[in-house]
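Analysis of the macromolecular model
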Amino acid sequence: MTDPFSAAAEPTRRRLLQLLAAGPASVSELAGRFPVTRSAISQHLLVLVDAGLVEAEKAGRQRIYRVVPDGLRRLQAEIDRFWTAELDQLVADAHDLAAARPAGRDRRTEEKP
């Protein structure tokens, strides 16, 4: 079984999860929203199925995909375990540093001596 956190880390799969959160859809419906082939979307969906985040139901010649609520809850639990108070503090510190930087100055574009 694929790790749900790893499966959802890939941008196309995250977008598929977002689309499926709005409701069930066929591969064709989903593939029309991406600049990749239907086959590539099918492969991404298989990873999400293996991770327990999505399930498929055969409807005639189509497969209809939908999110698995328990799978998304497990993913949320993984994120919650990862996101600790230390990360919250790191984000707050980064915002403080950005606010303290003089306006118009970007370290990436400053000339080096």
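Right, let's walk through the structure included here.

**Overview of helix α4 (residues 38-50)**
The end-to-end C-alpha separation of α4 is 18 Å, in line with the 18 Å expected for 13 residues at 1.5 Å each. Taken as a whole, α4 has its buried residues at Ile41, Ser42, His44, Leu45 and Leu48. Buried residues of α4, viewed axially, fall in a sector of 165 degrees; they line one side. Against α1 (4-9), α2 (11-21), α3 (27-31), β2 (54-59) and β3 (62-67) lie the buried residues of α4. Gly52 lies just past α4 and shows a positive phi near 80 degrees.

**Examining the side chain of His44**
When you line up the elements, His44 lands in helix α4. By relative accessible area, which is 16% here, His44 ends up buried. His44 has contacts with Glu10, Thr12, Arg13 and Leu16, leaving out every residue within four places of it along the chain.

**A few points about the sheet that holds strand β1 (residues 25-26)**
By definition, the strands of a sheet pair up through backbone hydrogen bonds, in either a parallel or an antiparallel sense. Spatially, the three strands line up as an open sheet ordered β1-β3-β2, and their pairing is antiparallel. At either margin of the open sheet sits one strand with a lone partner, and together these are β1 and β2. For β2 and β3, the ladder comprises six bridges, and the chain directions are antiparallel. By the bridge assignment for β3, Glu57 is matched with Ile64. The strands touched by α2 are β1, β2 and β3; relative to β3, the strand with the most contacts, the crossing angle is about 90 degrees.

**Some thoughts on α2**
Residues Thr12, Arg13, Leu16, Leu17, Leu19 and Leu20 constitute the buried set of α2. For α2, the arc enclosing every buried residue in end-on projection is 165 degrees, short of the 170-degree limit, so these residues lie on one face. What points out from α2, more than 90 degrees from its buried face, is the exposed set Pro11, Gln18 and Ala21. Between the side-chain oxygen at the start of α2 and the backbone nitrogen of Thr12 there is a gap of 2.8 Å, and the oxygen is on Glu10. Gly23, located one to two residues past α2, shows a positive phi value of around 150 degrees.

**Focus: the nonpolar core**
Ranked by internal contacts, the top residues of the largest apolar core, which has 20 residues, are Leu20, Leu30, Ile41, Leu45, Leu48 and Leu53. Ranked by the residues each element gives to this core, the list is headed by α2, at four residues.

Quick notes on the rules
Residues numbered from 1 in each chain as written. Predicted model: local features only at pLDDT ≥ 70, side-chain atom pairs only at ≥ 80, totals over all residues. Heavy atoms only, no water. Helix = DSSP H or I, 4+ residues; strand = E, 2+ residues; numbered from the N terminus. Expected span 1.5 Å × (residues − 1). Buried < 20%, exposed > 50% of the residue type's maximum accessible area, 1.4 Å probe, protein only. Arc of directions from axis to C-beta. Contact = heavy atoms within 4.5 Å. Pairing = 2+ DSSP bridges. Axes fitted to C-alpha atoms, helices over the stretch in contact; angles between N-to-C directions. Polar contact = N/O pair within 3.5 Å; in protein donor to acceptor, adjacent residues only side chain to side chain. Core = buried A, V, L, I, M, F, W, Y, C linked by side-chain atoms within 4.5 Å.

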